[in-house]
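# Inside the fold
Residue-level listing of the chains:
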There are 2 protein chains.
Amino acid sequence: MPATATVPRPSRPRSWWGWGLADAHPDDAECLALGALLPGTLARPLPLPRIADLAIGRPGAEPPSSLAHLVTADPEERAAHAMGKAYRDVIRALRGRPGRIPDLVARPTGDREVADLLDWAGEHAVAVVPFGGGSSVVGGVEYRGDAHRAVLSLDLTAMDRVREVDTTGRSALIQAGALGPVLEGQLRPHGLTLRHFPQSFEFSTLGGWLATRAGGHYATGRTHIDDFVQSLRVVTPAGTGTSWRLPASGAGPSPDRLFLGSEGALGVITEAWMRLQERPRFKASASVAFGDFRRALDAVRAIAQSDLAPANCRLLDPGEALFSGASHDGSTVLVLGFESATARVDDRLETALDLARAHGGRGEAPTGGRGAGADAAVGAWRSAFLRMPYLRDGLARMGAVVDTFETAATWDRVPALIEAVRTEVGAAALKATGHRATVNCRLTHVYPDGAAPYFTVAVAGRPGDEVRIWDDIKAAATGVLHRHRATITHHHAVGRDHRPAYDRQRPEPFALALRAAKNSLDPHHILNPGVLVD
Amino acid sequence: MPATATVPRPSRPRSWWGWGLADAHPDDAECLALGALLPGTLARPLPLPRIADLAIGRPGAEPPSSLAHLVTADPEERAAHAMGKAYRDVIRALRGRPGRIPDLVARPTGDREVADLLDWAGEHAVAVVPFGGGSSVVGGVEYRGDAHRAVLSLDLTAMDRVREVDTTGRSALIQAGALGPVLEGQLRPHGLTLRHFPQSFEFSTLGGWLATRAGGHYATGRTHIDDFVQSLRVVTPAGTGTSWRLPASGAGPSPDRLFLGSEGALGVITEAWMRLQERPRFKASASVAFGDFRRALDAVRAIAQSDLAPANCRLLDPGEALFSGASHDGSTVLVLGFESATARVDDRLETALDLARAHGGRGEAPTGGRGAGADAAVGAWRSAFLRMPYLRDGLARMGAVVDTFETAATWDRVPALIEAVRTEVGAAALKATGHRATVNCRLTHVYPDGAAPYFTVAVAGRPGDEVRIWDDIKAAATGVLHRHRATITHHHAVGRDHRPAYDRQRPEPFALALRAAKNSLDPHHILNPGVLVD
C-alpha cells in the first residue's frame, strides 16, 4: 500500500561542529567536570567555534539555472557539510582548522535531480560527496586534495519518505535520506519497524547505513544493514538501476552487495526496499558480572555459539563498565537482552544465564516480561551509550584526545588482540602525550566464529597538537589490527582515515575488480574521490 | 589445528550421462513402471548410451610437458565432463547428441597448478570450464560456441581436503573440490558439520556450491552457502587473492560476495574458510495437512515471519505430496522440522503447529526428541527427495520430458505466480506435446518477506524432439517468472540456460561493473565463456 503518514522531521537544530543536537552539548561546567577525570587536561574549555571565524571563499563552480534551486552556497550550510563527526573532525573545528569546506551544498528531491547533478558535476570536474546525516567518524564525507575544480556536498535528507509499505511481506520502500527517527516514525502506524539502531540512529540516514554497511541493534546474528536489504536503487554517472525485490536469489553475484559498503564511490543509493519486523512484544534482560575478563570472553563465545540469539549481548570490560555505571567494583559486565514478537523469551534468557554461570558469571536477577524495562546495569549502560559522543566532545573542549575505534576478529585471535591493543595503544598514547591513557574495551557484536571489539581511548593532549597525537595513537591501533588480521572496521566504514589499512587488507583480485567497476560507473572520477579506490 | 583425518573418497562409480551413481539408476523394469504413470510415453526404455558411440575427436590443444601429468584426453573422462545433469543434458546423452565434448580434462592438486593451467590456457586461447561435481542443471559446465581453440574442463575434485580446523571459532579451511560427503567425513571427527545439504549433496562440491550460491539444508534463515563463508581464496588469470578470515566486516563492499555466484567467470575458487556448527542434539518434526493451498501459504508465511526458525518448513502441493507419498487424499502437506544443539525444540514445534492450525492445518502428532526420526510423511518425503533425480532419468529413458525449475518472489506475488506457472506452463506443455502435463509445486525455502517455489513438470514427449519441447516449456516458465518479477533462480544458478533471463533481470549499473570486473580479471576471456557476461 502507499504510505500516507506525514514525515516526522526533526525540529531541534544540529551542531555544525560536534555530535548531535546543538542544545545537547555539555556546558562549560560539565566540560570542567569531565576534564577533572583526565589528569593533564586544560584549565578551562576551548571556546565554541564560530562559522564567522572560518575563511569560507567563493564557490569554485556555479550550477546551471536549471539546478540552481537545489543548490546553496550559504556559509553555514557549507561549514556544516565540511566534515563528519570523528574526534579528528571536532578538534579541527574547535581549533578553527576544519577540512576543506565544500563550495556548494545540493539538496535534490528525487532521482532525476540526483542524476542531473551528477551529469553537471561530471562535465565540470566537480567532486560530489554524498552526505546523509554526516555522522561519519572515518573521514567519509570530507574532500581532501585538489584535483577537482569545486566540491559539491550532495545532501540527501530532502529524500526522506517511506514511499510504500508491503504489510504482507513486511517491507517498505524508503528513500535514502531518511534519518532513523524519520523512517521509524513513518513505519510505526503500520506496526512495523526496521529495528536498526546504531549509536548514531538519530543523526544518520538509511542511505548512509547502506553505503557504509552499518552495524545495528542486534548483537548477534543479522545485524549489518546488508541483511535487511531487499532491493536497491542506485544512480551512477553511467546510469540508474534498480534491483528486483526478492527475498533471496542465486542469480549471479548479488548486485546489491557491490553497492553496499561502496561509500558513495560507485553511485548514489537513492532508495531501498527494506525488510521490516513486527515490534517485539516479549522482552527480558539481565546483566552478569565476571571477575575475570578471559572467562567472560568464553561465556560470550558459548552464548554466541548457541542458537539462543540474544538481541543484546554486550560485554563491557572493567573500565567500560565503570565509565558507563554498569559496575563499580572492577567487574567485567555482560549485558544480555532477548526480544521476540512471537513467544516469551524467559527460557532463552535463563539458558544464556546458565551458560554465563558455567563460566564464572554472577548473574543478577533477570527483569523482563511483556514490554518491561531492563535492570539497573542495562539501563545505565544504555543511557551512557547514547550520551557518549557528547561527552567525547566535552572532553575535546578540555583539550583531551579521545575517540573510539572498532574491529572484528575470529575467536582464536580475540583475547591476544584485545591485550595487544591495550598495551600498544596505551604505550603510543603515553609516548605522544606524556600522560597515561585510558583504553577501554567492549564487545558490541558477537558471532559464532568471532567478535567485534570496540575500543575507547582517552588521554590529555597537548594544546594545538591534538590531531597529530590522535593520528599517532590511531597508527599504533592500525598496526595492531593488521598484525592480528583484525578488520580495519566492523561497522564504521573505511572513509579516508582507514584507506591505507583497507588497501592492505583487501585481496588484490577484488581491488582490480573494484577499480574496474569504478572506472566503468564513474568515468570522470567525481564520486567521493579518495574513498575505496583512486 | 591441522586436520588429520583421512579423506573418505567415494568408491562407487558415477554415471557419465545421468544423475548420481551408475549402479543406482532405475533398471528397465522400473523405467517401464515409471512410464506407465505418464500416458503417451514409449513402449520400451531408450537404451543406455555408450561413450563408444560418440564422435570424440582429437584434442585441439596439447598442454606443455610441465602440466601434462595433470591433464588427460581420455574419451571416457572427456565425455563425463561434457555436460551437467539437467534433463536437457540427460536426454541429449540418451539421444547420442551431447554438447561439445571438452578437448582435455585437468585435475590440479593445488593453487599453483590452477594458476599455471590458467596461464597456459590464456596464452593459447583455450577455454577453461571449472568443474566440481558436475551436477549443474543450468548448462553451467558445458562449452557452447567456437571462439576458442580448445576447451579444458578444470576438474577440482583432486583438491578435496579439509586443511585446517579451528574448533574454538568452529570453522575449517576446506579445499573447493571436496564433495559433500568427503568434507563432512573429514569434519565429523571434530564434532563439527557444515550442515549444507542440497539435493545434490553427494555429487557436488564446496567450490560448486560457492560459485553458484547454492541453497542448502535450512528452509528458513541462513540457507544460502554465502552466509557460511568466512574467507575465500580465488585464483584468477590476473592473480591470486585470499580474503581475511573475519566473522564480519564493514570494510568496503564484501570482496567474497563478488566471487560468490560468479560461476567460474571471474576466477577459480580453490579453498574457503567455512563457518561450521555442532551437530544437533535435539530434533522434532511433524507434518500438517491442509485442505486449501492458499490457506497453507498463509500458514507458512506466519511461521516464516515468526522467530521460530524451523530447519525444515517445506510445503508440498497436492501433486507433490502424492508423488512423494506424503499424502494420498489431495491434501497440501507442510513438513516441519526443528533442530538444535543447545536446547529442546518441542516448544518451538508446538508454537509452529499452533500457527498452522490457526490457518486450517490438521497437524499430526509430532515426533522427535533426541536424535529421533520424523513421522511417516516426513520420512516419505525425504526418501523421495533424494531419489527424485534418478526417477527423472528413468522417465527420460521412457521418452518423457521431465525436469524442475525454481524461483523466489515476495509473498505478495507468490500465490498468483504459482497459479500462473501451473496454467501457462501446463498450456505450453500441452501445445508442444499434445499431452496433459503434470505441474507440481513445493516451497523449498521460506523467508519473512517471501518464498522459493520449486516446480516439477512431467509430460510425454515426442521421440527425438524432447530438447525442443523442454525448451518451449522452459521458455513459457521463464516468461511467467519475468512477468511476476520472480528471480530466474533461487539456488540453481544462471549457467547458460538462464543467461537471457538473467540479463533482463540484472540492473544495468551492476552489469557494467561485472563486465568491467570480467575484463580486468580475465583479460583473455578464457574463464567459463558465455556464463554471466560476454
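The written sequence of each chain sets the order in which its residues are numbered from 1. Each chain gets a letter, beginning with A, and each ligand a number, beginning with 1, in the order they are written. This being a predicted model, a pLDDT of at least 70 is required before a residue's local features are given, and a value of 80 or more before pairs of side-chain atoms are given or counted; all residues contribute to the totals for chains, interfaces and linings.

## Brief notes about the sheet that holds strand β10 (residues 268-275) of chain B
The strand order β5-β6-β10-β8-β9 (chain B) describes an open sheet built from five strands, whose pairing is antiparallel. A single partner strand is all that each edge strand has here, and the edge strands are β5 (162-166) and β9 (239-242) of chain B. The mean inter-strand angle of the sheet, taken between neighbouring strand axes irrespective of direction, is 10°. Strand pairing requires that DSSP identify at least two bridges connecting the strands. The helix and strand labels rest on DSSP assignments: H or I over at least four residues marks a helix, E over at least two residues marks a strand, and numbering proceeds from the N terminus. One ladder, built from five bridges, connects strand β6 (residues 171-175) of chain B with β10(B); its direction is antiparallel. By the bridge assignment, B:Leu173 is partnered in β10(B) with B:Trp273. Two residues qualify as a contact pair if the distance between their C-beta atoms, derived from the backbone, is within 7 Å. Only C-alpha atoms enter the line fits that serve as axes; for helices the fit covers just the stretch in contact. Angles between N-to-C directions range over 0 to 180 degrees. Across the face of the sheet, helix α16 (residues 508-521) of chain A comes into contact with β8 (229-236) and β9 of chain B while running at roughly 110° to β9(B).

## Focus: the sheet that holds strand β1 (residues 71-72) of chain A
Residues and elements named next belong to chain A. Spatially, β1-β2-β4-β3 is the arrangement adopted by the four strands of the open sheet, whose pairing is mixed. The strands lining the two open edges of the sheet, one partner per strand, are β1 and β3 (126-131). The pairing of β3 with strand β4 (residues 150-155) spans six bridges and is classified as parallel. From the neighbouring strand, Val126 faces β4, where its bridge partner is Ala150. Here helix α5 (residues 111-123) sits on the sheet and contacts β2 (104-106), β3 and β4; the angle it forms with β3, its principal contact strand, is near 150°.

## Re the packing of helix α13 (residues 414-433) of chain B against helix α14 (residues 466-483) of chain B
All names here are of chain B. Two elements in contact, α13 and α14, have axes separated by 9 Å at closest approach and are oriented at 155°. As summarised for this structure, α13 and α14 are arranged roughly antiparallel, according to the angle between their axes. With respect to the hand of their crossing, α13 and α14 are arranged in right-handed fashion. Facing Ala420, Val421, Glu424, Val425, Ala428, Ala429, Ala432 and Thr433 of α13, the residues of α14 in contact are Ile469, Asp472, Ile473, Ala476, Ala477 and Val480. Looking at the contact of α13 with α14 residue by residue, the class counts come to eleven nonpolar, one polar and two charged. Note that the term roughly parallel is reserved for angles under 35 degrees, roughly antiparallel for angles over 145, roughly perpendicular for angles of 65 to 115, and oblique for everything else. Two helices crossing with the near one rotated counterclockwise from the far one by less than a right angle form a left-handed crossing, whereas a clockwise rotation gives a right-handed crossing. In this classification, the charged set is Asp, Glu, Lys and Arg, the nonpolar set is Ala, Val, Leu, Ile, Met, Phe, Trp, Tyr, Cys and Pro, and all remaining amino acids, among them Gly, are polar.

## What about the environment of A:Gly379?
The residue A:Gly379 is located in helix α12 (residues 376-397) in this model. Classification of A:Gly379 by C-beta neighbours within 10 Å gives partly exposed; the count is 17. Counts of 20 or more other C-beta atoms within 10 Å of a residue's own C-beta define buried residues, counts of 12 or fewer define exposed ones, and intermediate counts define partly exposed ones; C-beta atoms are placed from the backbone.

## Describing the relation of the copies chain B and chain A
Copies overlap after least-squares fitting; the atoms used are the C-alpha atoms of residues with pLDDT of at least 70 in both. Of the transformation superimposing chain B on chain A, the axial component is 0.0 Å and the angular component is 180°, with the fit at an RMSD of 0.0 Å. Between the two chains, the operation in question is that of a two-fold axis. Identified as the residue of chain B closest to the rotation axis by C-alpha distance is B:Ala516, at 2.6 Å. Most of the interface of chain B is mirrored in chain A, where 100% of its interface residues are also at the interface.

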